[in-house]
Amino acid sequence: MRLDRWVGEALSSRAKAREAIMQGRVRVNGVPVRDGAYGAQDSDAVTLDGAPVGKRAALHLMLYKPAGCVTAREDARFSTVFDLLPPALRTRDLCAVGRLDRDVTGLLLLTEDGQLAHRLISPRFEVEKAYLARVAGRLESGDILRMAEGVPLGDFTARPARLEVLTSAEDFSLARLTVHEGKFHQVKRMFAALSHPVETLHRESVGGVALDVSLQPGQCRPLTAEETARLYALTEMKP
Ligand code: URA
């Protein structure tokens, strides 16, 4: 964790923390560190004016993203997922775990642990993301096979994905697609490549952590200890 964030949480002010750091009042393992961007490790002993500064546990949230807002901190045209957070949480140092398009609904994870966010979207850890899609036209067994083989998308070939067809009719089908990566517009591009353009898309789960059915669109809640532990285990990290 950045040193200015660590100390900022104790002082309830990142600016005051930076000032204290610049003045040489903050020590890491007994050595004054004057760089707020210094990456302090969990095992480090941080002091301010000689007094130990405890580290606040990182916050992790699940948000039911509604359609219409963008996954960004700020946007000139649209409301953002951060506008949906209760005011007390908007000042926290949360980042979104990947992006959902403006029209896409469902589970968006937000975390103060940047490394966790990075690993959850990295192809290296192959974290599963499950989407419920309504697509144009009738999905057939050939589509399941093509998704399982990996769909060429021009600039890259999507990794093998699991397609479960839930209902299939001439005009539209409902299906669950489980992917292990998250490139830009990936799910929409995969269905489009099979000539079944996506009409609506909703993310159900990430890494086996499912969107809480008691949440309404726009609402969020902290992850439980079990959910948090699961995400850390999947990404080979310690909470
Ligand atoms: N795939 C998409 O096409 N869009 C999203 O928002 C997420 C996955």
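Here, the structure is the one placed above.
Residue numbers restart at each chain and count upward from 1, following the sequence in its written direction. Where local features are concerned, this predicted model is filtered to residues with pLDDT of at least 70; where side-chain atom pairs are given and counted, the filter is 80 or more; whole-chain, interface and lining totals use all residues. Hydrogens and waters are ignored; side-chain quantities use all the structure's heavy atoms.

Colleague: How should I be thinking about the nonpolar core in this particular structure?
Modeller: A general trend in soluble globular proteins is that nonpolar side chains are found buried together. Nonpolar cores are built from buried Ala, Val, Leu, Ile, Met, Phe, Trp, Tyr and Cys residues. Side-chain atoms within 4.5 Å join them into one set. Type-normalised accessible area, obtained with a 1.4 Å probe on protein chains alone, sets the label of each residue: buried when under 20%, exposed when over 50%, and partly exposed for intermediate values. Ranked by size, the top nonpolar core spans 32 residues in total, and within it Leu110, Met147, Leu177, Met190 and Phe191 carry the most contacts. Residue assignment for this core shows that the elements contributing at least two residues are strand 5 (60–65), strand 7 (105–111), strand 8 (129–136), strand 10 (172–179) and helix 6 (186–193). Not counting the four nearest positions on each side in its chain, Met190 is found in contact with Met147, Val151, Leu153, Ala158, Arg159, Ala161, Leu177 and Val179. Counting 18 residues, the second-largest nonpolar core is a separate cluster that includes Val209, Leu223, Leu231 and Tyr232. Numbered from the N terminus, helices here are DSSP runs of H or I no shorter than four residues, and strands are runs of E no shorter than two. Whether two residues touch is decided by their heavy atoms; if any such pair falls within 4.5 Å, the residues are in contact.

Colleague: I'm lost on the side chain of Ser173 in this one. Help?
Modeller: Looking at the secondary structure, you find Ser173 in strand 10. Owing to a relative accessible area of 0%, Ser173 belongs among the buried residues under this scheme. Polar side-chain contacts of Ser173 include one of 2.9 Å to the backbone nitrogen of Leu139. Aside from chain neighbours lying at most four places away, what touches Ser173 is Ala133, Arg134, Val135, Gly137, Arg138, Leu139, Thr167 and Ser168. Polar contacts here mean pairs of N or O atoms no more than 3.5 Å apart (in protein, one a potential hydrogen donor and the other a potential acceptor; neighbouring residues in sequence count only if both atoms are side-chain atoms).

Colleague: Before we go on, may I ask you to explain the pairing of strand 9 (residues 162–168) in this structure?
Modeller: The two faces of a sheet get side chains in turn, since along a regular strand they alternate between them. Strand pairing is assigned whenever DSSP detects at least two bridges linking the two strands. Direction of pairing for strand 9 relative to strand 10: antiparallel, over a ladder of 6 bridges. Bridging across to strand 10, Leu163 finds its partner in Leu177. Count of turn residues in the strand 9/strand 10 antiparallel hairpin: 3 residues.

Colleague: Would you mind going over the packing of helix 1 (residues 3–11) against helix 2 (residues 14–22) with me for this structure?
Modeller: For any two helices packed against each other, one specifies the crossing angle of their axes together with the interaxial distance. Orientation is described by axes fitted as lines to C-alpha atoms, over the contacting stretch for helices, and by angles from 0 to 180 degrees between their N-to-C directions. In the contact formed by helix 1 and helix 2, the axes pass within 7 Å of each other and the chain directions differ by 120°. Relative to helix 2, the element helix 1 lies oblique. The element helix 1 and its partner helix 2 pack so that their crossing is right-handed. Taking contact as the criterion, the partners of Leu3, Asp4, Arg5, Val7, Gly8 and Leu11 in helix 1 are, on helix 2, Arg14, Lys16, Ala17, Arg18 and Ile21. In what follows, roughly perpendicular refers to angles from 65 to 115 degrees, roughly parallel to angles under 35, roughly antiparallel to angles over 145, and oblique to any angle outside these ranges. When the near helix sits turned anticlockwise from the far one by under a right angle, the crossing is termed left-handed; a clockwise turn instead gives a right-handed crossing.

Colleague: Quick question: what am I supposed to make of the sheet that holds strand 4 (residues 51–52) here?
Modeller: Paired through their backbone hydrogen bonds, the strands of a sheet run either parallel or antiparallel. Judged by pairing direction, the sheet is antiparallel, and its 4 strands sit side by side in the order 2-1-3-4 without closing on themselves. In this open sheet, the two edge strands, each paired with only one partner strand, are strand 2 (31–32) and strand 4. Sheet topology note: the strand 3 (residues 46–48)/strand 4 ladder contains 2 bridges and is antiparallel. Bridge pairing in strand 4 places Thr47 opposite Pro52. Sheet contacts for helix 1: strand 1 (26–28) and strand 3; angle to strand 3, the most-contacted strand, approximately 50°.

Colleague: Got a minute to help me understand the environment of Leu201 in this structure?
Modeller: Looking at where Leu201 falls in the secondary structure, it is placed in strand 11 (residues 198–206). Classification of Leu201 by relative accessible area gives buried; the value is 7%. Each C-alpha atom, one on Leu201 and one on Glu19, is 46 Å from the other, the two residues being 182 residues apart in sequence. When sequence neighbours within four positions are dropped, the list of residues in contact with Leu201 reads Asp103, Val104, Thr105, Tyr131, Leu132, Ala133, Val187 and Lys188.

Colleague: Help me understand the environment of Thr224 in this model?
Modeller: Assignment of secondary structure puts Thr224 in the loop between strand 13 (220–222) and helix 7 (225–234). According to the relative accessible area criterion, Thr224 is partly exposed, its value standing at 31%. For the pair Thr224 and Lys188, spaced 36 residues apart in sequence, the C-alpha to C-alpha distance is 31 Å.

Colleague: Teacher, can you tell me more about helix 1 here?
Modeller: For the α-helix, the turn length of 3.6 residues means that residues three or four positions removed from each other point alike. The buried count for helix 1 comes to 7 of 9 residues, which makes it a mostly enclosed element. Buried residues along helix 1 sit in contact with helix 2, strand 1 and strand 3. Of the residues trailing helix 1, Ser12 is marked for its positive phi of about 55°.

Colleague: Whenever I open this one, the site of the ligand confuses me. Can you help?
Modeller: The ligand sits among Leu100, Asp101, Val104, Tyr131, His185, Gln186, Val187, Lys188 and Leu201. The separation between an oxygen atom of the ligand and a polar main-chain atom of His185 is 3.2 Å. With respect to the ligand, the backbone of Lys188 contributes an N or O atom lying 3.0 Å from an oxygen atom. Per-residue and other accessible areas were derived by the Shrake-Rupley procedure at a 1.4 Å probe size, with only the shown protein chains allowed to occlude residues. The fraction of the free accessible surface of the ligand (230 Å²) that becomes covered by protein chains is 95%. The dominant element in the shell around the ligand, judged by the number of residues it contributes, is helix 6, at 3 residues. Think of it as three bins: nonpolar holds Ala, Val, Leu, Ile, Met, Phe, Trp, Tyr, Cys and Pro, charged holds Asp, Glu, Lys and Arg, and polar takes everything else, Gly as well. In terms of residue class, the shell around the ligand is built from 5 nonpolar, 2 polar and 2 charged. When we say a residue is near a molecule or strand, we mean one of its heavy atoms is within 4 Å of it.

Colleague: Looking at this model, I keep getting lost on unusual backbone geometry. Mind explaining?
Modeller: A negative phi angle is the norm for most residues apart from glycine, just as the trans form is the norm for most peptide bonds. With phi around 55°, His185 is a residue other than glycine that occupies positive phi space. Locating His185 in the fold gives a position in the loop between strand 10 and helix 6. Phi is positive for Ser195, close to 65°, though the residue is something other than glycine. You can see Ser195 is positioned in the loop between helix 6 and strand 11. Judged by relative accessible area, which is 60%, Ser195 ranks as exposed.

By themselves these figures say nothing about function.
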